[in-house]
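A look at the structure
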Amino acid sequence: SAVHRDLSARAACANASNASVLLSIHFDGFGDPSVGGTETFYDPVRSFSGDNKRLALDLQQGLVTELGTSDRGVWPDDEVNAPTLTSSGLQYGHLIELGPALAGWVDQPSRMPGALVEPLFITHPAEAAIASDPPGQQRIAVALVAGLEKYFSGA
C-alpha cells in the first residue's frame, strides 16, 4: 500500500543520509477528547535495542518536561495497540519505520537507533492548541532537541 511504501521510505531516507538516529514524529488522536498525554515507542528486537530504548526514554522525558503533559510511557513497538498500527503493521507486528528486516514487510530496515514520538493528542483541545500554535510547535522542537542532546551526551 502507499502507507507501507511511505513508512519504508522513511527508513531508506535515514539510511541514505547516514543519520545517527531515526526520529519519527506523529500526533495521537482518540475518540474521547479528554484523553491526552505523551508516549514514545521503540523497537525491542533490533541489535541496537538498548540504544532504541534509551533514545525513547530521553525523548519522552524531554517532551513531558517541556510540555507538562501526562506521561503515557515508553513502549516497545510490539506492544502497540491495534488501532495505532496500519494494517501492514498489524501483520508485521512492529512499527514499519522502526522494525527489523522481514521479507515483504521491511526489506531494508533502518541502520540506526530510532524512536517514534507522539507528543500530544490532537483530539484533546488544550493539546491541539499547542500543536497548532507556532510557539507550541517551538516548545515541541525544544523538547525534542533536549531529548536528543541527552541521548547524544550519554548522560
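Shown above is the structure to which this text applies.
These numbers were taken from a predicted model, which means no experiment stands behind them.

**Quick notes on the sheet that holds strand β3 (residues 71-76)**
One open sheet holds the 4 strands; their spatial order is β1-β4-β2-β3, and the pairing between them is mixed. Across the chains shown, the open sheet's two edge strands, defined by having one partner strand only, are β1 (22-25) and β3. Direction aside, the axes of adjacent strands within the sheet are offset by 15° on average. Direction of pairing for β1 relative to strand β4 (residues 114-118): parallel, over a ladder of 4 bridges. Opposite S24, over in β4, you have L116 as the bridge partner.

**Regarding the nonpolar core**
L55, L59, L63, L67, L120, I140 and L144 are the most contacted members of the largest nonpolar core, which has 17 residues in total. Contributing elements (two or more residues each) for this core: α2 (49-67), β4, α4 (125-132) and α5 (134-153). Discounting chain neighbours no more than four positions away, the residues touching L55 are V21, L22, P113, G114, A115, L148 and Y151. Ranked by size, the runner-up nonpolar core spans 8 residues in total, among them L22, F41, V80 and L116.

**Thoughts on the environment of I25**
Topologically, I25 is positioned in strand β1. In the structure, I25 is positioned 90 residues away from A115 in sequence and 8.6 Å away in space, judged by C-alpha atoms. When neighbours within four sequence positions are excluded, I25 is seen to be in contact with V117, P119 and L144.

**Some points on the packing of aromatic side chains**
Summed over the entire model, instances satisfying the criterion amount to 1 aromatic pair. With 5.2 Å between their ring centres and 75° between their planes, Y151 and F152 make a pair best called edge-to-face. What makes Y151 buried here is its relative accessible area of 7%.

**Some thoughts on α5**
Between the first and last C-alpha of α5 there are 28 Å, a value that for 20 residues agrees with the 28 Å anticipated at 1.5 Å per step. Listed as buried for α5 are G136, I140, A143, L144, G147 and Y151. Projected down its long axis, α5 shows its buried positions confined to an angular sector of 95°, all on one face. Exposed residues lying more than 90 degrees from the buried face of α5 are P134, Q138, E149 and S153. Those residues of α5 hidden inside the fold are in contact with β1, α2, β4 and α4. G154 sits one or two residues past α5 and shows a positive phi near 75°.

Definitions and cut-offs
- All residue numbers here refer to positions counted from 1 along the written sequence of the relevant chain.
- With pLDDT at 70 or above as the cut-off, local features in this predicted model cover only qualifying residues; side-chain atom pairs require 80 or more to be listed or tallied, and sums for whole chains, interfaces and linings still use all residues.
- With hydrogens and water stripped out, all remaining heavy atoms of the structure feed into the side-chain values.
- At least two DSSP bridges between two strands are required for those strands to pair.
- Segments assigned H or I by DSSP are reported as helices when at least four residues long, segments assigned E as strands when at least two residues long, and all are numbered from the N terminus.
- Whenever a helix is involved, its axis is fitted only over the stretch in contact; in every case the axis is a line through C-alpha atoms, and angles between N-to-C directions fall within 0 to 180 degrees.
- What we call a nonpolar core is a set of buried Ala, Val, Leu, Ile, Met, Phe, Trp, Tyr and Cys residues that are connected through their side-chain atoms within 4.5 Å.
- Summary of the burial criterion: residues with accessible area below 20% of their type's maximum are buried, those above 50% are exposed, and those between are partly exposed, where the area comes from a 1.4 Å probe applied to protein chains only.
- Residues are treated as being in contact if the distance between any of their heavy atoms lies within 4.5 Å.
- Each Phe, Tyr or Trp ring, with Trp reduced to its six-membered ring, pairs with another whose centre is within 6.5 Å; inter-plane angles below 30 degrees give stacked pairs, above 60 give edge-to-face pairs, and intermediate values give tilted ones.
- A helix's residues, less one, multiplied by 1.5 Å, set its expected span.
- Along the arc lie the directions from the helix axis toward the C-beta atoms.

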